[in-house]
Amino acid sequence: MESYFVLNLTIILLSGLIAGCICKRLKASPLIGYLLVGALIGPGCLDLTNSKEYDNALESTIRLEHATHGADGSSDASSGESIAEPSGEDSEANPIEARRNRFPHTTIQENVELKRELEEKRLELAAREEQLSAARANTLDNEELAAMRSGRFALEGATEFGVLLLLFSIGVELTFAKLTATAKYMFVGGLLQMGGTIGLAIVVCMLFGMSWVAGLALGSVVALSSTALVYRSLGDLGLADTKRSQATLGVLIFQDVALVPLLLILPIVLGGGDSSEPKEYLFNNPWIDMTVKSIVFCAITLLMKYANTHFLINQLARLRSNDMVILYAVVLLLGMCVLAGALGLTPALGALAAGVALAENRLTHQIDALILPFREAFSAMFFISLGMLTDFSYVFAHPVVCVLALVGAILFKAVCCTGALRACGMDFRGALAFGVSISQIGELAFMLLTTAYASGAIDEPTYNTMLFVCVGSLVATPNMIKIAMTKFGMEPEAHEISGAYADVDPKLFEAMASARAHAIIVGAGHIGQTLANDLISRNLSVCLIDFNPVNLQSFNQNGIPTVTGDGANYDVLRKAGIGRASVVFVTVPRDDLALNVVNSVTAINPTAIIAARSRYRLNVSPLERAGARLVLCEENYVADELVKLLAEYFERNDKQTPEPTPAPAA
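About the criteria used
- Residues numbered from 1 in each chain as written.
- Predicted model: local features only at pLDDT ≥ 70, side-chain atom pairs only at ≥ 80, totals over all residues.
- Heavy atoms only, no water.
- Helix = DSSP H or I, 4+ residues; strand = E, 2+ residues; numbered from the N terminus.
- Buried < 20%, exposed > 50% of the residue type's maximum accessible area, 1.4 Å probe, protein only.
- Contact = heavy atoms within 4.5 Å.
- Patch = residues over 30% accessible without salt bridge, like charges linked within 9 Å, V, L, I, M, F, W, Y side chains within 5 Å.
- Areas by Shrake-Rupley, 256 points an atom, 1.4 Å probe, with all protein chains shown as cover.
- Salt bridge = Lys/Arg side-chain N within 4 Å of Asp/Glu carboxyl O.
- Pairing = 2+ DSSP bridges.
- Axes fitted to C-alpha atoms, helices over the stretch in contact; angles between N-to-C directions.
- Disulfide = S-S within 2.5 Å.
- Right-handed = clockwise from strand over helix to strand, strands pointing away.
- Arc of directions from axis to C-beta.
- Expected span 1.5 Å × (residues − 1).
- Lys, Arg positive; Asp, Glu negative; His and termini not counted.
- Charge placed at Lys NZ, Arg CZ, Asp CG, Glu CD.
- Left-handed = near helix turned anticlockwise from the far one by under 90°.
- Nonpolar A, V, L, I, M, F, W, Y, C, P; charged D, E, K, R; others polar.
- pLDDT = per-residue confidence, 0-100.
- Parallel < 35°, antiparallel > 145°, perpendicular 65-115°, else oblique.

1. What about the overall build of the chain?
Moving on, step 1. The helix and strand inventory of the chain stands at 28 helices and six strands.
Moving on, step 2. Taking all 666 residues of the chain together, 44% fall into the buried category.
Moving on, step 3. For the chain, restricting intrachain contacts to residue pairs at least 6 apart in sequence, the fraction spanning at least 24 positions comes to 71%.

2. Details of a nonpolar patch on the surface
Moving on, step 1. A surface patch of nonpolar side chains, amounting to about 510 Å² of accessible area, comprises Leu14, Leu17, Ile18, Ile22 and Leu26.
Moving on, step 2. Using a relative accessible area of 46% as the deciding quantity, one classes isoleucine 22 as partly exposed.

3. Side note on the sheet that holds strand 3 (residues 562-564)
Moving on, step 1. Strand order across the open sheet formed by six strands is 3-2-1-4-5-6, with parallel pairing between neighbours. For this open sheet the edge positions go to strand 3 and strand 6 (630-633), each flanked by a neighbour on one side alone. Pairwise comparison of adjacent strand axes, ignoring direction, gives a mean angle of 15° for this sheet.
Moving on, step 2. Both strand 5 (residues 609-614) and strand 6 contribute to a ladder of four bridges, which runs parallel. When the bridges of strand 6 are listed, serine 614 appears paired with cysteine 633.
Moving on, step 3. In the packing of helix 24 (residues 549-557) onto the sheet, contacts are made with strand 2 (541-546) and strand 3, and the angle to strand 3 comes to roughly 160°.

4. Comments concerning the state of the cysteines
Moving on, step 1. Following the criterion strictly, the structure yields zero disulfides and no others.
Moving on, step 2. Sulfur of cysteine 416: no disulfide; nearest cysteine sulfur belongs to cysteine 417 and is 6.7 Å away.
Moving on, step 3. Residue class for cysteine 416 comes out buried when judged on its relative accessible area of 10%.

5. Details of unusual backbone geometry
Moving on, step 1. Here the phi dihedral of asparagine 539 falls at roughly 65°; this positive angle occurs in a residue that is not glycine.
Moving on, step 2. By secondary structure assignment, the location of asparagine 539 is in the loop between helix 23 (526-537) and strand 2.
Moving on, step 3. A residue is classified by how much of its surface remains accessible, and asparagine 539, at 48% relative accessible area, is partly exposed.

6. Some remarks on the environment of tyrosine 637
Moving on, step 1. Relative to the helices and strands, tyrosine 637 resides in helix 28 (residues 634-656).
Moving on, step 2. Separated by 20 residues in the primary sequence, tyrosine 637 and arginine 617 have C-alpha atoms spaced 9.8 Å apart.

7. A few points about the pattern of salt bridges
Pairs can form between side chains of opposite charge once their charged atoms are near each other.
Moving on, step 1. What the rule picks out here adds up to seven salt bridges.
Moving on, step 2. Note that glutamate 634 is salt-bridged to arginine 613, the shortest N-O span being 2.4 Å. Here glutamate 634, found in helix 28, pairs with arginine 613, found in strand 5; they are 21 residues apart in sequence, far enough to count as distant.
Moving on, step 3. Judged by its relative accessible area of 25%, glutamate 634 falls in the partly exposed class.
Moving on, step 4. Taken together, the shared-partner salt bridges connect Arg613, Arg615 and Glu634 into one network.

8. Comments concerning the pairing of strand 4 (residues 583-586)
Moving on, step 1. Of the two faces of strand 4, the one holding Val583 and Phe585 and the one holding Val584 and Val586 are both buried throughout.
Moving on, step 2. Where strand 1 (residues 518-522) meets strand 4, four bridges bridge the pair, whose relative direction is parallel. Pairing of alanine 519 across the sheet is with valine 583, part of strand 4.
Moving on, step 3. For the segment spanning strand 4, helix 26 (residues 591-604) and strand 5, crossover handedness is right-handed.

9. What to know about helix 24
The α-helix winds at 3.6 residues per turn, so residues separated by three or four positions along the chain end up facing the same way.
Moving on, step 1. When helix 24 is considered as a whole, its buried residues turn out to be Pro549, Leu552 and Phe555. Along the axis of helix 24, the buried residues cluster in a sector spanning 105°; they form a single face.
Moving on, step 2. A positive backbone phi angle near 80° is found at glycine 559, which sits one or two residues after helix 24.

10. Examining helix 26
Moving on, step 1. With 14 residues, helix 26 ought to run about 20 Å at 1.5 Å a step, and its terminal C-alpha atoms sit 20 Å apart, in line with that.
Moving on, step 2. Restricting attention to buried positions, one finds in helix 26 the residues Asp591, Ala594, Val597, Val598, Ser600, Val601 and Ile604.
Moving on, step 3. Buried residues along helix 26 sit against strand 1, helix 25 (570-575), strand 4, strand 5 and helix 27 (620-626).

11. Points about a positive patch on the surface
Moving on, step 1. Positive charge collects at one region of the surface, where Arg318, Arg320, Arg362 and Lys507 lie side by side.
Moving on, step 2. With respect to the helices, strands and loops of the structure, arginine 362 is situated in the loop between helix 15 (347-357) and helix 16 (364-388).
Moving on, step 3. Owing to a relative accessible area of 56%, arginine 362 belongs among the exposed residues under this scheme.

12. Comments concerning the packing of helix 2 (residues 30-41) against helix 21 (residues 460-487)
Moving on, step 1. Put simply, helix 2 and helix 21 touch, their axes get as near as 9 Å, and they point 150° apart. Between helix 2 and helix 21 the crossing geometry is left-handed. In this structure, helix 2 uses Ile32, Leu35 and Leu36 to contact helix 21, whose residues at the interface are Val471, Leu474, Val475 and Pro478.
Moving on, step 2. Partitioned by chemical class, the residues of the contact of helix 2 with helix 21 number seven nonpolar, no polar and no charged.

13. Quick notes on the confidence of the model for the chain
Moving on, step 1. Here the chain averages 79 in pLDDT, while 78% of its residues score no lower than 70.
Moving on, step 2. Counted against residues more than four places away or in other chains, residues 71-93, with its pLDDT under 50, gives 27 contacts.
Moving on, step 3. Per-residue pLDDT stays below 50 along residues 495-500; that stretch engages in 17 contacts with residues further than four places along the chain or on separate chains.

14. Digging into the side chain of serine 294
Moving on, step 1. In this structure, serine 294 sits in helix 13 (residues 286-319).
Moving on, step 2. Setting aside chain neighbours within four positions, we find serine 294 in contact with Leu264 and Leu345.

15. Considering the packing of helix 13 against helix 14 (residues 322-342)
Moving on, step 1. With their axes 12 Å apart at the nearest point, helix 13 and helix 14 run at an angle of 165° to one another. The angle between the axes of helix 13 and helix 14 places the two elements in the roughly antiparallel class. Relative to helix 14, helix 13 is oriented so that their crossing is right-handed. Contacts between helix 13 and helix 14 involve Phe297, Ile300, Thr301, Met304, Asn308, Leu312, Ile313, Leu316 and Leu319 from the first element and Met324, Val325, Tyr328, Leu332, Met336, Leu339 and Ala340 from the second.
Moving on, step 2. Counted by class, the contact of helix 13 with helix 14 contains 14 nonpolar, two polar and no charged residues.

16. Here we look at the pairing of strand 1
Moving on, step 1. Along strand 1, five of the five residues are buried, which leaves the element largely enclosed by surrounding structure.
Moving on, step 2. Inspection of the sheet shows strand 1 paired to strand 2 by five bridges, in the parallel sense. Bridge pairing in strand 2 links alanine 519 to valine 542.
Moving on, step 3. Between the parallel elements strand 1 and strand 2, the chain passes through helix 23 in a crossover that is right-handed.

If you want it as structure tokens, here you go:
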């Protein structure tokens, strides 16, 4: 297990690293690179993880067992019939003569048929012996096969953990304020979009001769979109905080939440699982049983959220330890998944519930930031594994079907999404643009697709076609969003900005009220720490913002307010008290990040004095145009300092060098 698991894990992560670096250089989403490199290293192409070898070895082992069982005695494994064999010495010497002695009235035609029967039997035995030899040649020994099987299970477990972390992050984002702000689009628009997509999918499938059950399964798969990819692409275009984006995010959140009941309902409707094993229900009805257990689980989740908000998180914050915060979040995540499994529910419900239980408390953003590296790493494995599912041999054998299915699915879903957004009151061009933006099939839909295939609701060709459609639509998403946002004639929209003090911590608000001025420092490196110490000595209230909570730990221990997150994010700036800030220092080491922060600060508080750090002279003008009043350029500063050093050096050398003695007169 160790060598197989470690080797394949190294191959997957190294491939993801290379693909991610290339995508970053090309200014593309790394998720697209993960999908493509997964398809490249998967069994459908290069098969670097030896998946085909494992499948062939497992198939050969099963075939060897069947063939060995079939060759035993006189039983025919293929037909299940027993052929009576003649006994005695004559039967061993001449079976035909023995049969003639037993049945003296046989005709010549019967003898010919008997001879043909014996010849067919001999050929069948020879073929079976050849099959046994081939199976033995391709079969691995038990220890090696067991090691490969254990390694595969470990990889699948790591990939599943990536899905759980994605759902956990979605649960953390489910705040009451966000639900209230997007309630109409979330519940009305989301219900219309998913209901319309599933209903039309059932009708289309029935028109093509498929069952309504297959239509339900495929409609559920197509109805889900990729929240992570859409939100990241909109953020890259600077549109994540617009009203239309927030409304569309409500529809995406509804889809993510709807995944959980779909995972509970579909296996019951599709009849998945082993029907030979009787299932025990508390109320002798799967629907009532699932409903009661879900209500009990939701009640436990709300109790856990109350305990976190009022007791546990406060005790955890007093420890001032990032290690304990991470450990508690992971334990709660796994504990809720185990509880959901014990109640007969899906672990996905447990992951979502763990995020909800940790949302809306004083450590929520810190927990999200601390879990982020784990989520990104396991999400990379998850997306790479999705790409590995793509069967290139099937795609190359049926290119027309796959391409038509991809285009048809995107157009079909775009129509449904546009109609749902338009029904909620969004303008037509905006609804069309954002409807196209969420017309892909999301990464979480693979769970439903696997469930449908395992239950027999869809056949293998349909499964492979839908796999290609899912991966292809995800790969096309960034370009689709860029085209939709720029080419559809949508009217520009201002960013959504709420009250300045709504999200400020009460302790920070008290500090701002008692100080003569308030300052925000974005970037808690050495420069930010030096500035903070000087500003505090001058009786200014200070709040530091940094994406890495480790950089903020020393300030937290000294009682200085901090906010973990992106300094360009409006919500993060509001939590830092941007509405009352007199001066904002931007000390991040990258000019592109500094420009984003300056734009956000200017949009929320245009009267604040912004002092920004710039590494290159080329970026001084863009920062000044964005609203930075003071820009310190490292390139200019280094050049000036070098000139001063050279001047001092030459001046010192000139003083130390004696003047030349004039030559004596002749």
